[in-house]
Amino acid sequence: MTTNGHFAAVGDKPTADNFGHGIQVIDEDKSFSTHLNEYLRETHVAEAGFDYHLISVFGSQSTGKSTLLNNLFGTEFSVMSESERRQTTKGIWMSKNKKGADSMAKNILVMDVEGTDGRERGEDQDFERKSALFALATSEVLIVNIWEHQVGLYQGANMGLLKTVFEVNLQLFLKDRQSTPRSLLFFVIRDFIGNTPLSNLRNTLVQDLTKIWSSISKPAGLENATIDDYFDFAFAALPHKILQPDKFVTEVDTLGRRFIAGHRSTTDQEFVGGVFLPEYHRRIPADGFSVYAEGVWDQIVNNKDLDLPTQQELLAQFRCDEISREALVAFDETILPLEEQQADGVRLGRAVVLAGLGVTGAASRAACLEQFQAQAGRYHKGVYTRKLAELEGKVDTRLKALYQSQLAGAHKAGVASFTEAVTAAVKTGQKAGGNYEFADIVETEKAKTLESFKTEAQGLAIPEVAWTNFKPQYVLFEKELDEVSAKLRKEEMRRLATRVERWVKSRLGDAVGLEFNKLGSGRAGGGAPEESSTGSSGASSSEKDLWDRIWKVFVGVVEEAQDRFTDRAKSFDASEAEVQVGLWRLRRKSWVALREKIDEEVMEGNILLKLRENFEDKFRYDEAGVPRIWRPSDDIEGIYTRARESTLTLIPLLARFRLAATIAPPDLPVWIGNQPAGAEPEDEDDLTPIGGVDEEEGKSLEEEMTVLSESKRQDLVIRFKKTADGVYVEAKRGALGGITQ
Ligand code: GDP
Ligand code: MG
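The sections below set out a description of the structure shown in this document. Everything numeric here is computed off the predicted structure, so don't read it as measured data.

Taken in spatial order, the seven strands make up an open sheet running E1-E3-E4-E2-E5-E6-E7, and their pairing is mixed. Edge positions in the open sheet fall to strand E1 (23–26) and strand E7 (231–237), since each of these has one partner strand only. Looking at each pair of strands side by side, their axes are set apart by 25° on average, direction ignored. In this sheet, E7 lies alongside strand E6 (residues 183–190) in parallel orientation, the contact comprising seven bridges. The residue bridging leucine 184 from the neighbouring strand is aspartate 232, located in E7. Each of E1, strand E2 (53–59), strand E3 (92–96), strand E4 (108–113), strand E5 (141–147), E6 and E7 is contacted by helix H4 (residues 125–138), which is oriented at about 150° to E2, the strand it contacts most.

Structure representation (C-alpha cells):
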C-alpha cells in the first residue's frame, strides 16, 4: 500500500473516512495538525481521562517500522512499496490501536515517526532531533526497531539515533526534576534468525547503550545520572516477515499481548503484566492532549527550552478555562431567566419572590461545579484549585445577588402582607364591636409572617456554603416587623385616644352644661338656708364655687378617661412611655375641650340668657320661691336693685376661672404635667397651645384662665342692665296696671 489517500494530512478537514486511517500530527513542514482533538474525540480517546497510552516508534528508514505497527496494532500507516523503494512522506503520524480489544490495553495511540535516519540525511538531523524530543515528551513507550545484524554495530545508524534520544531526554528532565517520568525503550529485533539467543543480543545492546550514555556530555547537575535513572528496557525478537510469514504473524500476536498495564515486581525489579507501567504515563488528560502536544511542539519548533512543567501548567490554565466556560453554559441557561425576572421586578418596583429558587440555585451550582471538578480535576493541582475557586466565585456572585434580591423581595412582600393583615384584623374587630386584642393580632400575624420568611431563607440555604446563611436578613426582617408593629400600635393608640377624647367631650358637654344651667336659677342650690336672703347683694355660695365644681367634674371625667385609656393601651402592649405620652395628650386635649365648652357657654346670647334667668329668679320670686304679684306698695325698686346687683356679681366671677379656696386658677401646668421623655415630635403635631403650659406660646396662665375679656365683661354688664331694666319696667307697669284694673 503506497497511498496516503486515506489519511488525514495536517491541513485536511478530517472525515470519518480519512480519520479511519489515523492523522498526520506533524507534517514535513513541521506544522501541527489543527484537527488532532477532533480525531481524539472521533475515536473516543478524548473522554478517556488518563486511561490511554502513547507509543512511538523509532528506527532507521525502511526498516519495516510501519509494517510492524500495522501488523501489531491494525493501523494503516503507509509502507514503502517493495518495488518502488522510495521514501515515504516525512512527518509524524498517529493512529489508534484497532486490534486486540481483549488482549491489549484500551486506547493505545501509536505514533509513526518517519524519516528518522540522521546518518544518511545530514540535513534532516534537525527534524530527527525535534521529533525525538516530541516523542519523548509525550510517549510512554518508545519502540526501537532494529535489524538483528545491526546489533553490536556500535557505529550503526540506530546508535546515532539513540544518542540523540538520550541527549534530548536529559535536556527535558533538566527542567522537570520533580516528576522525572520514566520511559520504556522497547527494542524489537527484526529478521531474528535464532542462532544467537535473544539474551545475548540483549546484553550486547545494553553494553552499547551504556557506552553511548557515557559518551554524551551531561548538563551541570546531572553529571552522575545513570541511564537507569530515566529508562527501562524491554526486548523482543521477530522473524523475517517475508521469509517466515506465518511465524511472523504468530510472534507479532504474542508481542501484542505485552501491551497491557503492568507494574514492577518489588523483589527483582522485573515487569509483571505488560509494558504500560503507571510511572511512564505523562499524566496529560486525554481531552487536553492535543493542546498540550501542540504547545510542546511549538516550543520545540521555535527552539525554545522545553519546560514540561510549565507546559502542563499552561495546559491546565487553558483547559480549566475552557471547562469552566462549558460548565457555565448550563448554569446560565437556568439562572439567566431568573435574573431577568428579578431585574424586571426591580425595574417595576415589584417585590419578586421566585418559586423554588433555592432548589434550582443549589442544583445548578452543584451541577456546574461537579462538571468542572470531574473534567478539570485531572489537571495541574494548583491551577485546578485556583480555577475551581474562580468558578465558584463566579457562580456564587450570581447566586448571591439572586438570593439577596429574593430575600429583599420576601422582606418587602412580608412587611406589606403583615401590615395588611393587622389592619384588616383590626377593622374586623372594630366592626364586631371593638372588642379585640391588638397585641394578640400583632403577635399572631408576626409569627405567621416570620415563619414564611424563615421558610424562604432556609430554602435558599446550602449546608456547606457559609454565605447562604441568611440569619442576619432574618434578624433585620424581624426588626422591621417590630418597627411596623410599633407604628401600627401608635396608630391604634391614636384611634383609642380619639375614642376617649370623644367620650370626654361628651361627658364634659353634659356636666359643664349642667353647671352653667344652674346659673339660670338665682336660687341655685335649691333654696338652701343661706340663700334665703335674696336681698344680699352677692352671688350665692353655690354660684361662687361654680369653677370649683367645674374643675372637680372635669378632673373626675379626665381621671376616668385616663383609666380607660391606660387599661386599653396596656392590653395591646403599649410601652409605659407610650402610655404616658397618650395620657399627657389626653389631659391637654381634654382641657382644650373644656375651654371650648366654657367658651360655648359664655357665648353672648347664651350667657345673657342665663344672667337674665338668674336675675328674674331673684327678682320675681320671694324667699320661699313663690312668684311675686307686684303691688304698688311693694318696694319694687329695692328688690330690683338687689337682684340686679346680685346677678351682676356673677359677671366678674364668670370672667375668670378661679377656685374659691385659693382665689386663683387651678394649677393647670402641674395638672397637665411636663411632656413625657418618650414623646416624639409628631406627638405634638395636632396639639393646641395652652397658655401657661406652653411657655413659648407667649400666652400666660392668667390669659388661659380668662373666660371673658374686659371689654366683653363691660359689654355684658351694659346688655344685662338693659335686659334687667326691661324686666323692671315690665314689673312696674304690671303693678300699676294691677291698680288701674
Ligand atoms: P519503514 O520505513 O521503517 O516504515 O519501513 P516500511 O514498513 O515502509 O518497510 C520498508 C520495507 O521493508 C518494505 O518494502 C517492506 O516490505 C519491508 N519489510 C517489512 N517488514 C519486513 C521484515 O520483517 N523483514 C524485511 N526484511 N523486510 C521487511
Ligand atoms: Mg514508515
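With that settled, consider the nonpolar core. Counting 181 residues, the largest nonpolar core has Met94, Phe134, Phe166, Phe187, Phe516, Phe619 and Phe657 as its most contacted members. For this core, the element with the most residues is helix H13 (residues 471–519), which contributes 15 residues. Those residues in contact with phenylalanine 619 that sit more than four places away from it in its chain are Arg628, Trp630, Ile636, Ile639, Tyr640, Ala643, Val727, Tyr728 and Ala731. Ile55, Phe73, Ala236 and Val275 belong to the second largest nonpolar core, which has 28 residues in total.

Right, let's talk about the pattern of salt bridges for a bit. Overall, the coordinates contain 48 salt bridges when judged by the stated rule. The partner of glutamate 76 in a salt bridge is lysine 98, with the nearest N and O atoms 3.1 Å apart. Placement of the pair is glutamate 76 in the loop between helix H3 (65–73) and E3 and lysine 98 in the loop between E3 and E4, with a sequence separation of 22 residues. Take glutamate 76: its relative accessible area is 25%, and that puts it in the partly exposed class. Residue lysine 98 is classed as partly exposed on the basis of its relative accessible area of 43%. Across the pair arginine 129 and glutamate 167 runs a salt bridge whose closest N-O atoms are separated by 3.2 Å. Remark: glutamate 167 occurs in helix H5 (residues 157–174) and arginine 129 occurs in helix H4; sequence separation between them is 38 residues.

Judged by side-chain charge, Glu437, Asp440, Glu443 and Asp573 come together as a negatively charged surface patch. Along the chain, aspartate 440 falls in helix H12 (residues 438–460). Among the residues examined, aspartate 440 registers a relative accessible area of 44% and is labelled partly exposed.

Tallied over the full model, the rule gives 32 aromatic pairs. Summarising the aromatic geometry, the rings of tryptophan 213 and tyrosine 230 are spaced 6.0 Å apart at their centres and angled 40° between planes, so their arrangement reads as tilted. You can see tryptophan 213 sitting in helix H6 (residues 198–215) and its partner tyrosine 230 sitting in the loop between H6 and E7, a full 17 residues away along the chain. For the residue pair tryptophan 213 and tyrosine 230, the accessibility class agrees, reading buried in each case. With centroids separated by 6.5 Å and ring planes inclined at 80°, the aromatic side chains of tryptophan 467 and phenylalanine 470 adopt a geometry described as edge-to-face. Each member of the pair, tryptophan 467 as well as phenylalanine 470, is classed as buried. Directly above the aromatic system of phenylalanine 50 lies the positively charged group of arginine 283, at a separation of 3.9 Å from the ring centroid.

Relative to each other, helix H17 (residues 604–620) and helix H18 (residues 636–648) sit at 140°, their axes nearing to 9 Å. Two packed elements cross with a definite hand, and for H17 against H18 that hand is right-handed. Seen from H17, the contacting residues are Leu611, Asn614, Phe615, Lys618 and Phe619; seen from H18, they are Ile636, Ile639, Tyr640, Ala643, Arg644, Ser646 and Thr647. Counted by class, the contact of H17 with H18 contains seven nonpolar, three polar and two charged residues.

Bringing the environment of glutamate 702 into the picture now. By the secondary structure assignment, glutamate 702 is in helix H21 (residues 701–704). Since its relative accessible area comes to 33%, glutamate 702 is described here as partly exposed. Residues glutamate 702 and phenylalanine 657, spaced 45 residues apart in sequence, show a C-alpha to C-alpha distance of 8.9 Å. Once residues lying within four places of it in the same chain are set aside, the contact partners of glutamate 702 are Arg656, Arg658 and Pro665. At 3.1 Å, the side chain of glutamate 702 forms a polar contact with the side chain of arginine 656.

Conventions we followed
- Per chain, residue numbering runs from 1 following the sequence as it is written.
- Here chains are named by letter from A upward and ligands by number from 1 upward, in the order in which they appear as written.
- Only residues with pLDDT of at least 70 are given local features in this predicted model, and only at 80 or more are side-chain atom pairs given and counted; all residues enter the totals for whole chains, interfaces and linings.
- The side-chain quantities take in all heavy atoms of the structure and omit both hydrogens and water.
- Here, any two strands with at least 2 DSSP bridges between them count as paired.
- Helix and strand labels come from DSSP, where a helix needs a run of H or I of at least four residues and a strand needs a run of E of at least two; each type is numbered from the N terminus.
- For every element, the axis is a line fit to its C-alpha atoms; helices are fit only across the contacting stretch, and the angle between N-to-C directions ranges from 0 to 180 degrees.
- Contact between two residues is taken to exist if any of their heavy atoms lie within 4.5 Å; hydrogens are not considered.
- Nine residue types can take part in a nonpolar core, namely buried Ala, Val, Leu, Ile, Met, Phe, Trp, Tyr and Cys, and a core is a set of them joined through side-chain atoms within 4.5 Å.
- Throughout this description, buried means an accessible area under 20% of the type-specific maximum (1.4 Å probe, protein chains only), exposed means over 50%, and partly exposed covers the range between.
- Any carboxyl oxygen of Asp or Glu within 4 Å of a side-chain nitrogen of Lys or Arg constitutes a salt bridge here.
- Each patch is built from residues lacking any salt bridge and having more than 30% relative accessible area; the joining distance is 9 Å for like charges and 5 Å for nonpolar side chains (Val, Leu, Ile, Met, Phe, Trp, Tyr).
- Throughout, the Shrake-Rupley method with a 1.4 Å probe supplies accessible areas, and for residues the shown protein chains are the sole cover considered.
- Only four residue types enter the tally: Lys and Arg on the positive side, Asp and Glu on the negative side, with His and both chain ends excluded.
- By convention, charge coordinates are those of NZ in Lys, CZ in Arg, CG in Asp, or CD in Glu.
- Centres within 6.5 Å make a pair out of two Phe, Tyr or Trp rings, where for Trp the six-membered ring is used; the pair is then stacked when the planes are under 30 degrees apart, edge-to-face when over 60, and tilted otherwise.
- Only when the NZ atom of a Lys or the CZ atom of an Arg is both within 6 Å of the ring centre and within 35 degrees of the ring normal do we say a charge sits over the ring.
- Note on convention: the crossing is left-handed when the near helix lies turned anticlockwise from the far helix by less than a right angle, right-handed when the turn is clockwise.
- Residue classes follow a fixed rule: Ala, Val, Leu, Ile, Met, Phe, Trp, Tyr, Cys and Pro count as nonpolar, while Asp, Glu, Lys and Arg count as charged, and any other residue, Gly among them, counts as polar.
- As used in this structure description, the phrase polar contact means that two N or O atoms lie within 3.5 Å; if the pair is within protein, one of them must be able to donate a hydrogen and the other to accept it, and residues adjacent in sequence are counted only when both atoms belong to side chains.

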